Amino acid sequence: MIRIITGELRKVWQGKSFWIIIAIAIVIIFCYMQFSEKITIGLPEEQEMSEEVSSFAYKKFDKRLTKAKDRRQFIENYYTEIQGLLLVEQIQNYKASDSELASKMAEGMLKERKEEYNKYFSKWKNKSYLLYTDNLEMESTFAEKIFKKYSLEKDYNAYLNEIFEQEEEKLGVSIFADNIRDSFSEKMIRKTSKKYQGMKGTKTNFYSFRWLEKISENQMADILIVLIIFIIAMYLVFEDKKKNLFSIIKAAPCGRGRCILAKIFTLAVSTVFVTFIMHLFMLIYIGYNFGLAGIHESIQSAGAFIACPYHFKVWQFLLISIIIKSAAFIIIALFIFLISMLSANYIIPFGIGMLLAIGNVLLYEMFTSVGKYNVFHYINLWSFIKSEKLIGDYSLLNIAGIPVSAAFMSNLLIVILLTVFILINVFVFVKVRQMPEYSKKMKLNIPFIRLYRKGRISKKLVTYEANKIYRISGCTVMVALFILGMIFSGVQSSSYLSPNQESYRIQMKKLEGEMTDEKEDIVLEKKHYYDDILNQLKNLEEKYEEGKVAEEVYENRKLSLESKLALYPAFLRVQERYEYVKSHKNALFVYEDGYNKMIGKMDDWYIDFIFIIAIALVIMQSTVFTLDRERGMEGLVRATPRGRNISSLYKVGIGTINAAILYFSFVCRNIYVANRFYGLGLWGASISNLKGFETIPEFLPIILGFALFGIVQLLIVIAFSVLVMFVSKRIGSAVWAIVIQLVVIIGIYVLYFSKHMT
């Protein structure tokens, strides 16, 4: 038995592909963690501060916090000092401005907070302060985050007392108590309170714990592990099927039971190894950047997991969550292994596996963790994989009117599924006599379902090449996944429009079209309104300086007038377009934000999607020319009359179609998002009506201008696609072609962001 297990392990672990795939996955995780940023939809000059604070800021802060004797005093002093220094810097910036209004604002702030200004001015002037970030504005954002975290997490016992008080309040009120007596709600409240009674006396120590949040937020590692175990499970089956070993193994006296147990053991060990190695490298990377401060503290010290009802240290919490993840991944691996045994090639298990994964993710996202149907949120494979959230909170499920812990129910179900899938795999391997051998045809050997592809392969060369590329190499799956990804991205996309952006959108939508007397009156009336407020504000300042207005009256009146100027920046944008339309014959009002969003002019998300398209094309197109060589057919194909030039031409044509499909799905996604949040109108108007496109000839309509822009981009994508195909042909191996080209693309992506971030 040991020799059989060793042989199965060697199949997986001694292959170069296994380690190459893991290396690629680790590189992808590193790049994802380094350069993934939350995208804020909005104009650069108006969007709110959304940049992620540097990881080293948290690391340095936690180091100094560890050395502090009184953490409460340290945090409060730090927050107060940064706010004071920022006040000084803002006043100094206003003073340095040429604007009269800015100077007045500086004087007002100085009068209101003179004592605070004097306290921190010398420290600001001499730069005798320590920053964890690059500037005071970012430091203020960082300090606010830390202070808010500390305010919420500083007293764990107060958090417990709040839970107990809620129990007394809800169950103590007679009316409410009558309504819920002997109900699920009453049982849930009592069980929750009883569970947290055991947490009394838990000691907590505050740290930023940003590193722990990063680990729990990182979904890329889990997605990559799922893909790797797909490959391992299918490899263990199809490697034997390709060599026709299944029938020989099943014919041997001890070949059935021992062999399937060895394969299951290998599958489980490999899955656990991949899970641990991926999370280990992720932990090393995050530890280097963020530090691992507080890893020996109780998990309740971390604000994100303050609701955890178990006595875990942080390192124990991480270890248990990885063990639960591993069990969930083994369930998926066993399912893929089972479908692979009953299938003739990779397409069916991979396709069914992806549907299973996507279905579970949709269930997890569609149903919330609270409410009547939260059972669907917790009782699915993606919830098991997101084990940090599963054991980091205390949620109860309504099972026949009895409140049952979601963590307990999930772990019980994991054990049941593991047992069931192991038994089913053993039964199928031992009892099912005829399993499909490896074949190009899509066969699924299930007693009541048999799928066969009828008909012969077409004699037409182009159809034959398309059959190879889309069916055998799996391009169909990649195209389908990319399109589904674009649909999901579009549907799940969100937008934040600042008050000024929303005001500008509303005003421009009213003005869209030709200039009329009515529209001109609207703009001029609005201009007169703001000019009047600015004059009132100026007169108020003058009267205050002359002593004609009391300070209290001055402050109240000033605050009232300044509040009316909150949307003034939006009107300035409208006024700019008004002046352009007024000064140019045949010019129209056109709301341009939607078009700018569509082509990525408003923010940096566009390059991220181009990067994703490049990765998809590398994976797809690297098999177009290498498939014949790897199957030993290249010499035979080249020997035929049409096997060289015509065959290559058809391959390039099909590759071009692939690139076009990917690009058009990306464009459709952009049009949908832009129209959904901003609106796209007046496609027939001249493109010169859009800000930034004024120099383009007036005869070119918006729709044609953007079509030309799209054609240029499409040609670039097609050129890149063809380049990938021919580079892959020169390399000869699809695996090495994918690895080499992905390394180059990731390197370019890293260099691009390094350049733009410095």
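Look up: the structure comes first, before these words.
Residues numbered from 1 in each chain as written. Predicted model: local features only at pLDDT ≥ 70, side-chain atom pairs only at ≥ 80, totals over all residues. Heavy atoms only, no water.

> Give a detailed account of the packing of helix α15 (residues 314-341) against helix α20 (residues 406-431), specifying residues and quantitative values.
Close contact between α15 and α20 brings their axes to 10 Å; oriented N to C, the two are set at 25 degrees. One finds that α15 runs roughly parallel with respect to α20. Judged by the sense of rotation from one axis to the other, the crossing of α15 with α20 is left-handed. In contact with I324, A327, I330, I331, L334, F335, F337, L338 and M341 of α15, α20 contributes N411, I414, L417, L418, F421, I422, I424, N425, V428 and F429. Residues belonging to the contact of α15 with α20 are distributed by class as follows: 17 nonpolar, two polar and no charged. (Axes fitted to C-alpha atoms, helices over the stretch in contact; angles between N-to-C directions. Helix = DSSP H or I, 4+ residues; strand = E, 2+ residues; numbered from the N terminus. Parallel < 35°, antiparallel > 145°, perpendicular 65-115°, else oblique. Left-handed = near helix turned anticlockwise from the far one by under 90°. Contact = heavy atoms within 4.5 Å. Nonpolar A, V, L, I, M, F, W, Y, C, P; charged D, E, K, R; others polar.)

> Please set out the packing of aromatic side chains residue by residue, giving values where relevant.
For the coordinates displayed, the defined rule picks out 38 aromatic pairs. With 5.9 Å between their ring centres and 85 degrees between their planes, F230 and F350 make a pair best called edge-to-face. Taken together, the positions of F230 in helix α12 (residues 220-242) and F350 in helix α16 (residues 347-366) put the pair 120 residues apart, joining distant regions of the chain. Judged by relative accessible area, F230 falls into the buried class, the value being 0%. (Phe/Tyr/Trp six-rings, centres within 6.5 Å; stacked < 30°, edge-to-face > 60°. Buried < 20%, exposed > 50% of the residue type's maximum accessible area, 1.4 Å probe, protein only.)

> Describe the pairing of strand β1 (residues 396-399), listing the residues and the values that go with them.
When β1 meets strand β2 (residues 402-405), the two strands line up antiparallel, connected through four bridges. Across the sheet, L396 pairs through a bridge with S405, a residue of β2. The turn joining β1 and β2, which pair antiparallel and follow one another in sequence, is formed by two residues; a positive phi near 55 degrees is taken by A400. (Pairing = 2+ DSSP bridges.)

> Please provide a residue-by-residue account of a nonpolar patch on the surface, values included.
A contiguous nonpolar patch, built from I358, L362, M366, I483, L484, I487, F488, V491, I657, I661 and Y672 and spanning about 950 Å² of accessible area, is present on the exposed surface. Among the secondary structure elements, those contributing two or more residues to the nonpolar patch are α16, α22 (475-492) and α31 (645-677). The element that contributes the greatest number of residues to the nonpolar patch is α22, accounting for five residues. Examined against the element boundaries, M366 turns out to sit in helix α16. (Patch = residues over 30% accessible without salt bridge, like charges linked within 9 Å, V, L, I, M, F, W, Y side chains within 5 Å. Areas by Shrake-Rupley, 256 points an atom, 1.4 Å probe, with all protein chains shown as cover. Salt bridge = Lys/Arg side-chain N within 4 Å of Asp/Glu carboxyl O.)

> Residues and numbers for the nonpolar core, please.
In this structure, F61, F142, W211, L212, M278, I332 and M341 are the most contacted members of the largest nonpolar core, which totals 107 residues. Here this core gets 18 residues from one element, more than from any other, and that element is α15. Apart from residues no more than four positions distant in its own chain, L212 is found in contact with I299, A302, F305, V314 and L318. Core analysis: the second largest hydrophobic core is formed by 26 residues, Y530, I533, L540 and Y678 among them. (Core = buried A, V, L, I, M, F, W, Y, C linked by side-chain atoms within 4.5 Å.)

> I'd like a description of helix α10 (residues 184-197), backed by residues and values.
Spanning 14 residues, α10 covers 20 Å between terminal C-alpha atoms, matching the ideal 20 Å at 1.5 Å per step. Within the span of α10, buried status applies to E186, I189, S193 and Y196. Buried residues along α10 cover an arc of 115 degrees about the axis, so they all sit on one side. (Expected span 1.5 Å × (residues − 1). Arc of directions from axis to C-beta.)

> Got a sec to walk through the pattern of salt bridges? Specific residues and values, please.
Counted according to the given criterion, the structure contains 15 salt bridges. K149 is paired through a salt bridge with E213; the nearest N and O atoms lie 2.9 Å apart. Highlighted residues: K149 in helix α7 (residues 136-153) and E213 in helix α11 (residues 210-217), separated in sequence by 64 residues. Classification of E213 as buried rests on a relative accessible area of 14%. Here K691 makes a salt bridge to E576, at a shortest N to O gap of 3.4 Å. Here K691 is found in the loop between α31 and α32 (702-731), whereas its partner E576 is found in helix α26 (residues 568-583), with 115 residues between them in sequence. When its relative accessible area of 35% is taken as the criterion, E576 is described as partly exposed. One salt-bridge network, in which partners are shared between bridges, spans K149, R210, E213 and E217.

> Talk me through unusual backbone geometry; I want residue IDs and the actual numbers.
Phi angles above zero are rare outside glycine, and F209 is one such case at about 55 degrees. Take F209: it is sitting in the loop between α10 and α11. Even without being a glycine, N586 presents a positive backbone phi close to 65 degrees. Assignment of secondary structure puts N586 in the loop between α26 and α27 (593-598). For N586, a relative accessible area of 62% translates into the label exposed.

> Could you give an account of the environment of A344, naming the residues involved and the relevant values?
Inspection of the secondary structure puts A344 in the loop between α15 and α16. Separated by 106 residues in the primary sequence, A344 and F238 place their C-alpha atoms 8.3 Å from one another.

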